Amino acid sequence: MGRLFAVSLEGKIYSCRHCRTHLALCEDVVSKSFHCRHGKAYLFSKVVNVSVGVSEERHMMTGMHTVADIFCVGCGSIVGWKYETAHDKSQKYKEGKSVLERIKVAGPDGSNYWVSHETHVGGSDADDA
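Computed from a predicted model, the values in this text were never measured in an experiment.

Engineer: Can you break down the overall build of the protein residue by residue, with the values?
Structural biologist: Secondary structure summary: the protein contains zero helices and nine strands in total. Reading the helices (α) and strands (β) of the protein from amino to carboxyl end gives β-β-β-β-β-β-β-β-β. Counting the 129 residues in the protein, one finds 43% classified as buried. Taken as a whole, the protein presents about 7,200 Å² of accessible surface, with 51% of it coming from carbon and sulfur.

Engineer: Please provide a residue-by-residue account of the pairing of strand β1 (residues 13–16), values included.
Structural biologist: By the bridge criterion, three bridges tie β1 to strand β2 (residues 22–25) in an arrangement that is antiparallel. If you follow Tyr14 over to β2, its bridge partner there is Ala24. Two successive antiparallel strands, β1 and β2, enclose a turn made up of five residues, where Arg20 displays a positive phi of approximately 70 degrees. Summarising the sheet, β1 and strand β9 (residues 105–106) pair through two bridges and their orientation is antiparallel. Across the sheet, residue Cys16 finds its bridge partner in β9, namely Val105.

Engineer: If you had to explain the pattern of salt bridges to someone new, which residues and values would you point to?
Structural biologist: What the rule picks out here adds up to four salt bridges. For the salt bridge of Arg58 with Asp69, the shortest nitrogen-to-oxygen distance reads 2.7 Å. Here Asp69 lies in strand β6 (residues 63–72) and Arg58 lies in strand β5 (residues 50–60), a separation of 11 residues in the sequence. Assessed through its relative accessible area of 12%, Arg58 is described here as buried. The salt bridge partner of Lys92 is Glu95, with a shortest N-O separation of 3.2 Å. Overlapping salt bridges bring together Glu56, Arg58 and Asp69 as one network.

Engineer: Describe the packing of aromatic side chains, naming the residues involved and giving the relevant values.
Structural biologist: Scanning the model with the defined rule gives three aromatic pairs in all. The interplanar angle of 90 degrees and the centroid separation of 5.9 Å between the aromatic rings of Tyr14 and Tyr42 together place this pair among those described as edge-to-face. Taken together, the positions of Tyr14 in strand β1 and Tyr42 in strand β4 (residues 39–44) put the pair 28 residues apart, joining distant regions of the chain. The burial state of Tyr14 is the same as that of Tyr42; both residues are buried. Geometrically, the ring pair formed by Trp81 and Tyr83 is edge-to-face, given 6.3 Å between the ring centres and 75 degrees between the ring planes. No difference in accessibility class separates Trp81 from Tyr83, as the two residues are buried. Clustering of aromatic rings is evident, with ring pairs tying together Tyr14, Tyr42 and Phe44.

Engineer: Pulling in residues and values, what's your account of unusual backbone geometry?
Structural biologist: The phi torsion at Arg20 lies on the positive side, around 70 degrees, for a residue other than glycine. Note on placement: Arg20 falls in the loop between β1 and β2.

Thresholds, definitions, all that
- Residues numbered from 1 in each chain as written.
- Predicted model: local features only at pLDDT ≥ 70, side-chain atom pairs only at ≥ 80, totals over all residues.
- Heavy atoms only, no water.
- Helix = DSSP H or I, 4+ residues; strand = E, 2+ residues; numbered from the N terminus.
- Buried < 20%, exposed > 50% of the residue type's maximum accessible area, 1.4 Å probe, protein only.
- Areas by Shrake-Rupley, 256 points an atom, 1.4 Å probe, with all protein chains shown as cover.
- Pairing = 2+ DSSP bridges.
- Salt bridge = Lys/Arg side-chain N within 4 Å of Asp/Glu carboxyl O.
- Phe/Tyr/Trp six-rings, centres within 6.5 Å; stacked < 30°, edge-to-face > 60°.

Any functional reading would require information beyond the geometric quantities listed.
Put into C-alpha cells, the structure is as follows:
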C-alpha cells in the first residue's frame, strides 16, 4: 500500500467522525434536505479524501440512480455515496455530486450528529441508499 496524501481543507469543514480526515467545506453544501437509512444527509458539490466504490443501480425514493459508495481514505469508513447517473430528468442535478451521511461525519463546529430515540431509522426517507 502506498503512502497516504490527504488534502487539508481550510475554513468550516466536515470531517470523518472516526479519524477526522477532512471531507468537505460548508460552502460546498448543495442541500441539507437529504435522508438516508441513518437519518440526515447532505448533498455536496465537491468532496475530498474519499475513494469511490463500485457503481450500482439503486432504487431510491426519487427514482432509479446509478451510485457508488464513498469511503474515507483515512480509515476506510463508508461516509456516503456519489451519484453517477440519475435516470429521471428532474434528478440530473445530482449527477457527479456526493452525499455525506451526517451520522458518519463531524460538523464544522466539531459536533457529531447522533440518531435520537425519536428518529425512525428504517422508514420514509427522501433518498434511501
